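# Observations on the model geometry
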Amino acid sequence: RNTKDTRDTLHHTSYTTMSSSSYKEPSPILKRLFLPPKDPSLSLSPDQQWLILCTEPSLPSISLLAQPEEKLAGLRFDASLLTPSRMDYGTSLTVQHLGTGRKYPLELPAGSEGVRYIRFHPSRPMFVLSSKVKDEAVLDLYRCDFVNEDYWEMQRVDLGERRMNFVNGCAYQFTSDGDSLLVKVVPDGWSRSPPKEPVSTGPAVQCVEKGARKAPGRTYQDLLKNEYDEEKLKYFLTTELLRVDVVASLDVKPVVQSNGGCLIRSLQSSPSGRFLLIELTTKFSYSVPLGRFGKDVQVWDLQSDSIMEIASLPVDDEIPLSYDACSRHPRSFHFHPCEDHTIIFVQALDGGDQENEPVDGERDALYTQSIDESSLALNDAVKFVGLEWRYSDLNFCESGMGIIEEYRWKDRKERKWTLQTDGRKKLLWERSWEDRYTSPGEPMTRRGSRGQYFIVQPTPSSIYLKGAGASPLGDRPFLDRFDFDTEETKTTRLWRCPAPVEGDLDATKEVNGILPEERKDVFETMVCLMADNDSILISRESKTTPRNYYLSKLSDATSEIQATAFEHPQPDLLGVTKELVQYKRKDGVDLTANLYLPADYDGTPRPTLYWAYPREFKDGKAAGQVKGSKHKFVSAHWASPIHWAAKGWAIMDDFSLPVIGEGDAQPNDTFIEQIVDGATAAVEYAKSRGVCDPARCAVGGHSYGSFMTSHLLSHTSLFSAGIGRSGAFNRTLTPMSFQSEDRSIWEAQDTYITMSPLMHVKKYSNQERVGKMLLIHGEADENSGTHPLQSERYFAALKAFGIESRLVMLPHERHSYRAKESILHMAWEQEQWLSSLEEKDEQ
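Keep in mind it's a predicted model, so treat the numbers as computed, not measured. Every chain's residues receive numbers from 1 upward, in the order its sequence appears when written. Note on the predicted model: pLDDT of at least 70 is required for a residue's local features to be given, and 80 or more for side-chain atom pairs to be given and counted; whole-chain, interface and lining totals, by contrast, use all residues. Note: side-chain values were computed over all heavy atoms of the structure, leaving out hydrogens and water.

Bringing the packing of aromatic side chains into the picture now. Note on ring pairs: Phe, Tyr and Trp rings are taken, using the six-membered ring of Trp, and paired if centres are within 6.5 Å. Classes follow the plane angle, with under 30 degrees stacked, over 60 edge-to-face and the rest tilted. On inspection of all chains with the given rule, the structure shows 30 aromatic pairs. Taking the centre distance of 5.1 Å and the plane angle of 65° together, the rings of phenylalanine 77 and phenylalanine 236 count as edge-to-face. Here phenylalanine 236 lies in helix α4 (residues 227–237) and phenylalanine 77 lies in strand β4 (residues 75–78), a separation of 159 residues in the sequence. When its relative accessible area of 3% is taken as the criterion, phenylalanine 236 is described as buried. Connected via pairs of aromatic rings, a cluster forms that spans Trp50, Tyr104, Phe120, Phe127, Phe146 and Trp152. Sitting over the ring of phenylalanine 478, arginine 493 keeps its end group 4.1 Å from the ring centre. Only Lys NZ and Arg CZ are tested; either one counts as a charge over a ring when it is within 6 Å of the ring centre and within 35 degrees of the ring normal. Above the face of the tryptophan 833 ring, lysine 772 is positioned so that its terminal group lies 4.7 Å from the ring centre. Note on conventions: DSSP H or I runs of at least 4 residues are helices, E runs of at least 2 residues are strands, and numbering of each starts at the N terminus. Each residue is assigned to one of three classes by its accessible area relative to the maximum for its type, calculated with a 1.4 Å probe on protein chains only: buried under 20%, partly exposed between the two thresholds, exposed over 50%.

Within a predicted model, pLDDT stands for the predictor's per-residue confidence, ranging from 0 to 100. For the chain, per-residue confidence averages 94 on the pLDDT scale, and residues scoring 70 or more make up 97% of the total. Of the regions scoring below 50 in pLDDT, residues 1–16 engages in six contacts with residues more than four places distant in sequence or in other chains. It only takes one pair of heavy atoms within 4.5 Å for two residues to be counted as in contact.

The next subject is the environment of tyrosine 794. Within the element layout of this structure, tyrosine 794 appears in helix α10 (residues 789–800). Sequence separation between tyrosine 794 and alanine 728 is 66 residues, and the spatial gap between their C-alpha atoms is 8.7 Å. Contacts of tyrosine 794, omitting those with residues within four sequence positions, involve Ser710, Ser714, Phe729, Pro757, Leu758, Val761, Tyr764, Met773 and Leu775.

Time to look at the state of the cysteines. Sulfur atoms of two cysteines make up a disulfide when they are within 2.5 Å. Enumeration according to the criterion identifies zero disulfides in this entry. Residue cysteine 170 stays outside any disulfide, its sulfur separated by 14 Å from that of cysteine 144, the closest cysteine.

Another point: the sheet that holds strand β26 (residues 402–408). DSSP calls a pair of strands paired once it identifies at least 2 bridges connecting them. Read from one edge of the open sheet, four strands run β25-β26-β27-β28, paired in antiparallel fashion. The open sheet has two free edges, formed respectively by β25 (390–396) and β28 (425–432), since each of these has just one partner strand. Each strand of the sheet is rotated relative to its neighbour by a mean of 20°, with strand direction disregarded. Of the pairings in the sheet, the one linking strand β27 (residues 413–419) to β28 comprises seven bridges and is antiparallel in character. Bridge pairing links arginine 415 to glutamate 430 in β28. A fitted line through C-alpha atoms serves as each axis, taken over the contacting stretch for helices, and the angle formed by two N-to-C directions is quoted from 0 to 180°.

For the rest of this paragraph, the subject is the side chain of arginine 731. Mapping arginine 731 onto the fold places it in the loop between β46 (721–725) and α8 (749–754). For arginine 731, the contacting residues outside a window of four places in its chain are Tyr704, Phe707, Phe738, Tyr752, Met755, Ser756 and Gly785.

Here methionine 708 is to be found in helix α7 (residues 704–715). Between the alpha carbons of methionine 708 and methionine 755 there is a distance of 9.7 Å; along the sequence they are 47 residues apart. The residues touching methionine 708, leaving out its near neighbours within four places in the chain, are Ala612, Tyr613, Pro614, Leu657, Ile675, Val699 and Gly700.

Further remarks concern α10. What a helix should span is 1.5 Å times the count of its residues minus one. For α10, built from twelve residues, the straight-helix expectation of 16 Å at 1.5 Å per residue is met to within 8% by its first-to-last C-alpha distance of 16 Å. Gln790, Ser791, Tyr794, Phe795, Ala797 and Leu798 are the residues of α10 that are buried. The buried residues of α10 occupy an angular sector of 160° when projected down its axis, which confines them to one face. Opposite the buried face of α10, by more than 90 degrees, sit the exposed residues Arg793 and Ala800. Against the buried residues of α10 lie α7, α9 (761–765), β47 (772–778) and β48 (805–810). Here, the arc refers to the directions that run from the helix axis to the C-beta atoms.

Let us look at the packing of helix α6 (residues 671–689) against α7. Where α6 meets α7, the axes come as close as 10 Å, and the angle between the chain directions of the two elements is 85°. Here α7 runs roughly perpendicular to α6, going by the angle between their axes. Across the interface between the two elements, Phe671, Ile672, Ile675, Val676 and Ala679 of α6 pack against Tyr704, Phe707, Met708, His711, Leu712 and His715 of α7. Residue polarity follows a fixed list, in which Ala, Val, Leu, Ile, Met, Phe, Trp, Tyr, Cys and Pro are nonpolar, Asp, Glu, Lys and Arg are charged, and the others, Gly among them, are polar. Tallied by class, residues from the contact of α6 with α7 come to nine nonpolar, two polar and no charged. The cut-offs work like this: below 35 degrees is roughly parallel, past 145 is roughly antiparallel, 65 to 115 is roughly perpendicular, and the gaps in between are oblique.

Take the pattern of salt bridges next. Here, a salt bridge means any Lys or Arg side-chain nitrogen found within 4 Å of an Asp or Glu carboxyl oxygen. Applying the stated criterion to the full structure yields 58 salt bridges. Glutamate 510 is the salt-bridge partner of arginine 496, the closest N and O atoms lying 3.4 Å from each other. Linking arginine 496 in strand β34 (residues 490–496) with glutamate 510 in the loop between β34 and β35 (523–529), this pair joins segments that are 14 residues apart in sequence. Assessed through its relative accessible area of 4%, glutamate 510 is described here as buried. Between glutamate 741 and arginine 743 there is a salt bridge, with the nearest N and O atoms lying 2.7 Å from each other. Accessibility expressed as a relative area gives 16% for arginine 743, which makes it buried. The network of salt bridges with shared partners includes Arg331, Asp350, Arg363, Asp364 and Arg390.

Before going further, it helps to examine α6. Helix length check: α6 (19 residues) gives 27 Å between terminal C-alpha atoms against 27 Å at 1.5 Å per residue, within 8%. Immediately beyond the C-terminal end of α6, within one or two residues, lies glycine 690, with a positive phi of roughly 80°.

Residue position: aspartate 653 is located in strand β43 (residues 650–653). Note that His is not counted, nor are the chain ends; the positive residues are Lys and Arg, and the negative ones are Asp and Glu. Here aspartate 653 is buried and forms no salt bridge, its nearest opposite-charge partner lysine 578 lying at an N-O distance of 7.6 Å. If we skip the residues at most four places from it in the chain, aspartate 653 touches Ala593, Asn594, Tyr596, Trp611, Pro641 and Ile642.

Attention now moves to the nonpolar core. Residues enter a nonpolar core if they are buried and are Ala, Val, Leu, Ile, Met, Phe, Trp, Tyr or Cys, with the set joined through side-chain atoms within 4.5 Å. Grouped together as the largest cluster of nonpolar side chains are 53 residues, with contacts concentrated most on Tyr583, Tyr610, Met652, Phe655 and Phe719. The biggest single contributor to this core is α6, with ten residues. Residues in contact with tyrosine 583, not counting those within four places in the same chain, are Val589, Asp590, Leu591, Thr592, Ala593, Met652, Phe655, Ser656, Ala681, Ala682 and Tyr685. One finds Leu33, Tyr596, Ile651 and Met826 within the second-largest nonpolar core, a separate group that totals 31 residues.

Moving on, we get to the sheet that holds strand β3 (residues 70–72). Taken in spatial order, the three strands make up an open sheet running β3-β4-β5, and their pairing is antiparallel. For this open sheet the edge positions go to β3 and β5 (83–84), each flanked by a neighbour on one side alone. Bridge count for β3 against β4 is three bridges, and the pairing is antiparallel. The partner of lysine 71 across the bridge, within β4, is arginine 76. Packed onto the sheet, α4 meets β3 and β4 and runs at close to 110° relative to β3.

Attention now moves to the pairing of strand β1 (residues 41–44). Direction of pairing for β1 relative to strand β2 (residues 50–55): antiparallel, over a ladder of four bridges. Bridge pairing links serine 43 to isoleucine 52 in β2. Between the antiparallel neighbours β1 and β2 lie five residues, among them glutamine 48 with a positive phi of about 65°.

This paragraph deals with unusual backbone geometry. Trans peptide bonds make up the majority, and among non-glycine residues the majority have a negative phi. Phi is positive for aspartate 360, close to 55°, though the residue is something other than glycine. Looking at where aspartate 360 falls in the secondary structure, it is placed in the loop between β21 (342–348) and β22 (364–372). Positive phi, close to 90°, is recorded for serine 737, a residue that is not glycine. With respect to the helices and strands, serine 737 occurs in the loop between β46 and α8.

Summarising the element assignment, lysine 618 is placed in the loop between β42 (615–617) and α5 (620–623). Between the C-alpha atoms of lysine 618 and valine 659, which are 41 residues apart in sequence, the distance is 8.5 Å. Excluding anything up to four places from it in sequence, lysine 618 contacts Lys410, Arg412, Glu434, Gly661, Glu662, Gly663 and Ala665. Identification of polar contacts relies on pairs of N or O atoms within 3.5 Å, with a donor-acceptor requirement for protein atoms, meaning one able to donate a hydrogen and the other able to accept it, and with residues adjacent in sequence counted only if both atoms are side-chain atoms. Here the side chain of lysine 618 touches glycine 661 through a polar contact of 2.7 Å, landing on its backbone oxygen. Only 2.8 Å separates the side chain of lysine 618 from the backbone oxygen of glycine 663, close enough to count as a polar contact.

Shown next as structure tokens:
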């Protein structure tokens, strides 16, 4: 080895250190920005008359995350409290009447640590919640009832010694008729201690039988490993069901069918309130999470205590990797919302495999199965409608008409149809869901008196559509009336976010087809349309004004009542400017970014932080469409790079990195070339604007953005530093597909290898400018593609080639970070890592 190589190697090795240090905090301005007060969470009643504002803590302490948790079958939960682990609680409650604006502060129960799981009654001014008893592993159930114009009453529901179980979702829900509250509780006489762990469970054995079907699966985490795990899962998931007379006496009685305990995976009340559609976990698996375990589907009659068997299904571990594939077993069981007790389910006619031929031109079919009340038996299933593509969704109007949706992943196409009660359907549209500019929106729904959600119909032959309103001027949300009575459908625009001051408008897309007289730089969204089909609840924000909520009218936009008055949570960002900028990739693809400049920007080049998350497309034109709005409130979530604008940086946030594969081409086959071209275009644009100092550029991202960052440092010399949080760097560790890639490594081996940053570390080390790399990862990352081992192995490779780098493993953190200590330390690490770029005379 020549002298130069040896000298370089020794120089880089000097950066390699190992330490275990205490949590650090960033500079005061960053600490303020990373710890803003949190706006209350909002819950709107089904009749849209009441709003609950629940104050929650900004960030929990690391002590909460450090509490013991069980990890079984894809679940993570608190074994003592029987809830998902790491829960924090609302510390104050206010109920507000939207029409009058009157507020009713509710005092929390004595000895309460906070509240959680607020659920409204389907038709009355009433809700229930859970209160955490201070210093005890206990959640109590309370009913909150509107007594009169001056008073909301909170009353404890006495469940005796029965503990509610939230391990697999909220422990309670109302029946559709609102007469009862169904509550999952620990079985009577159940042991207070879980099964004792044996010294050894013996060998854990899995096998594939001769002639078995193919069963590919993603790299799921927290799966069952042995018989002891199975016993623990049974112990923690076994529940009985209680019925609480929540409207009157608060009397409690058991649901007889659950006596002795069962593994309830899901339950749904029939529109009549008499029957329950129950899914019970039966068969376990070591290769897939709980949601794909075997199950029995049953109907329970709350009047006669009888059980009707619908289906007994095996473990669902044989679904092909293609996103056009699905289960070969019956799926998506639910009650028909317009009938008292009819069940709808979906069945793949092609075995769930897109490689198989459709049956009579259909891949999926929906079936209905009614209950005979006289004999308490299920009638035979009847085919309702067939679909050429895969079933996606079905919603009904109260008239009985449905809107059914199907999709085809390979070309990103969707269809929506009207569906009549006799199964006849009429096409409303077929389109690419990637094309945001032409999106007609989604049907607006409203909750009915029996707890079911229905599409709102102003007339028998029309519905309301609500959409994001993407346009070359940015998103401008809208509300339309969509008429489909004749062959030619007709759209009438009823409301739209105000037009910005600058930019050309198309009158046909404005309210009533008329250009607005007044234009203003704000961003508004439609929250809901009230029962009178005239009153609306909207949100409004601007670059300098935080989001608040207002009551208005379609018939009179000047009639307005402000419902909330949230203040600016991060005043240190006042003066930071935001632009939605547009530029082109060298192949002509249109690109966008949100450009933030510091309040003291003086026109000189600044150190610039680029932050992104690549996205795949099948349509190049759709990839270049403008997304978002430059008129949204300038604020910074903990995961955002915007904080650095307050420190004098220019920020190119969410700069476009489309990865396009048109026709038969697969996007990922040219992933590296496309993200390099996109990043080069972003840097060149910022340089041409004079805001970016090309010698002081950094790039970063979270998850897939971290993966992107490592590639940009490996294949370009654009950046002096990189920040990669919770990423994946070796695609051979995710061999059964990842992100939007639905081919396995055996189908696209070259793509998997080429897309693995680990394979390019040598090239990284030979770049003209070798950018340093900061890796941050949560030690408890639960995401299927980003095991902590990914960052550890990548750091080992960087170290092997002497590349300046740093690996930070955050104790107890998952894929998204939560603890105050962790997030402040993350901010400190990033601040230290970027500090060298803040000086113009960087070596």
